[in-house]
Amino acid sequence: SRLFICFISNDITKELSTPAHDMAFNMLSRLWELIWADWIWFPEGHGWADFTDHDGKVYPKPKDLWATIPIALAFLVIRQIFERKVAIPLAYLLGVKEELRVFASPNPILESYFCRRSKHPTQIVMETLSKQTGRSVRQVQRWFRRRRNQDRPSKVKKFREASWRFTFYLFAFFAGLAVLIDKPWFYEMKMMWEGFPKMSLLPSQYWYYMMELGFYVSLLFSVASDIKRKDFKEQIVHHVATITLIGFSWLVNYIRAGTLIMLVHDASDYLMESAKMFNYAGWKRTCNCIFTIFAAVFIITRLVILPFWIVHTTWVYPLTVYRPFFGFYFFNGLLFVLILLHMFWAALILRMVVKFLPGNVRKRLL
C-alpha cells in the first residue's frame, strides 16, 4: 500500500507541490496505514509480512481477488449459453407451460399512473382514474390487474434462472467436498487455527474461493435482470455479506474457515433450486418432497452446524489461543449477520413445509 501511494504521489507532485497538498497526502498516508495496521486485523505478533511467499509456499494476496471480476463476467456469458441451450429445452422436456395472459388494452392515462405512481392504486384513486378515462371503476381495476400480470416473469424464465443456480450449487457443493474431504480441519474444526496466520495456500483452495466469489459477484451484476422475489432486500444483504465475508477471509487467511462456511451454504441451495424447477414444471408431489428434504438440510447445516460447530470454533475457541482483535470481531460479526438471515428464512421455510403436511392438504380439499 505504501508503494502504491508513493507511486501516485510522484506523478502528482511533479505538477502540484504545496504545503497544503503535502499535509493532505501525509494525512491520507497515515490513515491508510492505520486502517491496515497489523494489530487491527491479526493477533499480537503477526501481520501482513507473514504472507510473503517463501520456500515454495504461496500465501493469499489482495491482488488475487481481481481475478473474480473476469470470472464473474465469464459466469454471465456461460449462464446465457446454458439457459438457451440447456435450460429452455429441459423446461419443455419437463412440461413447463406458459400461462395464457390477457394483456391490458392501451391507455395512456392508466399507463402513466402505473409506471410513474403506483401499480396498486387505492380505491379513491381508482374512482378518479375512472372519471378521467370514462371507464367504470371495475374496468379500471381489471386493467391494473392485467397490467401487473404482464410484468410478471414467465414460468420458463423462472425455470431458466432456477436451473442455472441448481447447476452451479450442485457443482460447487461436490467441488467443496473434494477440496475438504482429505483435510484434517474438516473433521476436527479446531485445526483450522493451527499455524494461523502462516498457513500456505493450496491450489484447490484458490480455485474454490475464486469460483464461489466470482459466482456471487455475477449475481450482483445480474440483479437488475433477475426475478425480484419477496425477499429481494434480504437476498441483496445476503449477497453483500457473503462477498464481504469471502473476500475478507481471503485477505487475512481465514481460508480454512471460509471453505467450511461455503460448503455448509452449498449443501442445501441446490435442493431448493431443484424444488423450484419441479414446481414450475407442475410436479407438485416431487416438489413438496424435495422441499421438505431441503428444509431439513437447511436447518441442520445453517442453524445447527454453522452456529454450534463452525462459529463456535471461530468465536469461542480462538479466545483460548489469542487475545481478541478487531479482525476477529469483524469476521464473526459477518457470520452473525448470515445467521440472522438464516433464522428469517427458516421461519418462512417452516411455514411452507406446514402447508405440505397431510392434515393441511385434507383441509384444503374439504
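Cut-offs used in this document
Residues numbered from 1 in each chain as written. Predicted model: local features only at pLDDT ≥ 70, side-chain atom pairs only at ≥ 80, totals over all residues. Heavy atoms only, no water. UniProt positions renumbered as here; feature names shortened; annotations may be inferred. Helix = DSSP H or I, 4+ residues; strand = E, 2+ residues; numbered from the N terminus. Buried < 20%, exposed > 50% of the residue type's maximum accessible area, 1.4 Å probe, protein only. Contact = heavy atoms within 4.5 Å. Areas by Shrake-Rupley, 256 points an atom, 1.4 Å probe, with all protein chains shown as cover. Core = buried A, V, L, I, M, F, W, Y, C linked by side-chain atoms within 4.5 Å. Axes fitted to C-alpha atoms, helices over the stretch in contact; angles between N-to-C directions. Parallel < 35°, antiparallel > 145°, perpendicular 65-115°, else oblique. Left-handed = near helix turned anticlockwise from the far one by under 90°. Nonpolar A, V, L, I, M, F, W, Y, C, P; charged D, E, K, R; others polar. Polar contact = N/O pair within 3.5 Å; in protein donor to acceptor, adjacent residues only side chain to side chain. 1 Å grid on protein atoms, 1.4 Å probe; cavity = no way out; pocket = protein on both sides within 12 Å on 5 of 7 lines; lining within 4 Å. Points joined across faces, edges and corners; volume = space filled by probe spheres on them. Expected span 1.5 Å × (residues − 1). Phe/Tyr/Trp six-rings, centres within 6.5 Å; stacked < 30°, edge-to-face > 60°.

In the nomenclature of an unreviewed UniProt entry, the protein chain is known as Ceramide synthase 2-like of Gouania willdenowi. Under the heading Catalytic activity (unreviewed entry), UniProt records this for the protein chain: "sphinganine + octadecanoyl-CoA = N-(octadecanoyl)-sphinganine + CoA + H(+)".

1. Looking at the overall build of the protein chain
Along the protein chain, the regular secondary structure elements total 14 helices and zero strands. Along the protein chain, helices and strands appear, N-terminal first, in the series α-α-α-α-α-α-α-α-α-α-α-α-α-α. Within the span of the protein chain, comprising 366 residues, buried residues form 41% of the whole. In the protein chain, once contacts between residues fewer than 6 apart in sequence are set aside, the share between residues at least 24 apart is 79%. Surface summary for the protein chain: the accessible area is close to 21200 Å², and the carbon and sulfur share equals 66%.

2. Some words on unusual backbone geometry
Negative phi values dominate among residues other than glycine, just as trans dominates among peptide bonds. For the peptide bond that leads from Phe196 to Pro197, omega is 0°, which places it in the cis range. As for its placement among the helices and strands, Pro197 is situated in the loop between helix H8 (155–180) and helix H9 (203–221). Its identity is not glycine, yet Asp55 carries a phi of approximately 50°, on the positive side. Assignment of secondary structure puts Asp55 in the loop between helix H3 (38–41) and helix H4 (68–94). If you check the backbone angles, Asn253 has positive phi at about 65° while not being a glycine. With respect to the element layout, Asn253 can be found in the loop between helix H10 (232–251) and helix H11 (255–281). Relative accessible area serves as the criterion here: at 2%, Asn253 is assigned to the buried category.

3. Some thoughts on the nonpolar core
Counting residues in hydrophobic clusters, the biggest one holds 78 residues, and the most contacted among them are Tyr254, Ile310 and Phe331. Only H3, H4, H8, H9, H10, H11, helix H12 (284–315) and helix H13 (326–356) provide two or more residues apiece to this core. In contact with Tyr254, not counting residues within four places along its chain, are Trp41, Trp193, Phe196, Tyr209, Phe248, Ser249, Phe325, Gly327, Phe328 and Phe331.

4. What about the packing of H8 against H9?
Taken N-terminus to C-terminus, the directions of H8 and H9 make an angle of 160°; their axes are 10 Å apart at the nearest point. By the angle between their directions, the pair H8 and H9 is classed as roughly antiparallel. Between H8 and H9 lies a crossing of left-handed hand. Counted together, Trp164, Arg165, Phe168, Tyr169, Phe171, Ala172, Ala175, Gly176 and Val179 of H8 and Ser204, Gln205, Tyr208, Met211, Glu212, Phe215, Tyr216 and Leu219 of H9 form the full contact between these two elements. Taken together, the residues that form the contact of H8 with H9 break down as 12 nonpolar, three polar and two charged.

5. Focus on the side chain of Thr313
Topologically, Thr313 is positioned in helix H12. Looking at Thr313, the relative accessible area reads 6%, which means it is buried. In terms of polar contacts, Thr313 uses its side chain to reach the backbone carbonyl oxygen of Trp309, at 2.6 Å. Once you skip the residues sitting within four places of it in the chain, Thr313 turns out to touch Met189, Lys190, Met192, Trp193 and Pro318.

6. Thoughts on empty space enclosed by the protein
A complete count under the given rule lists three cavities of 30 Å³ or more for this structure. Here the largest cavity is characterised by a volume of approximately 110 Å³. Of all the secondary structure elements, the ones that give two or more residues to the lining of the largest cavity are H9, H10, H11 and H13. Residues of the lining of the largest cavity, tallied by class, amount to eight nonpolar, five polar and two charged. Each pocket or cavity is described by its volume, and for the second largest cavity that value is around 60 Å³. Forming the boundary of the second largest cavity are Met192, Trp193, Phe196, Met199, Asn253, Tyr254, Ile255, Arg256, Ala257, Thr314 and Phe331. In terms of residue count, the dominant contributor to the lining of the second largest cavity is H11 (three residues). When the residues that make up the lining of the second largest cavity are grouped by side-chain class, the tally is eight nonpolar, two polar and one charged.

7. Some points on H10
Between its terminal C-alpha atoms H10 stretches 29 Å, which fits the 28 Å expected from 20 residues at 1.5 Å a residue. Within H10, the full set of buried residues consists of His238, His239, Ala241, Thr242, Ile243, Leu245, Ile246, Gly247, Phe248, Ser249, Trp250 and Leu251. One or two residues past the end of H10 sits Asn253, with phi positive at roughly 65°.

8. Here's the deal with the packing of aromatic side chains
Applying the stated criterion across every chain, the model contains 41 aromatic pairs. Ring geometry for Phe168 against Tyr169: centres 5.8 Å apart, planes inclined by 65°, an arrangement best described as edge-to-face. The burial state of Phe168 is the same as that of Tyr169; both residues are buried. Where Phe278 meets Trp283, the ring centres are 5.3 Å apart and the plane angle is 40°; that geometry is what we call tilted. Put simply, the rings of Trp41, Trp193, Phe196, Phe248, Tyr254, Tyr322, Phe326, Phe330 and Phe331 touch in pairs and so form one group of aromatic residues.

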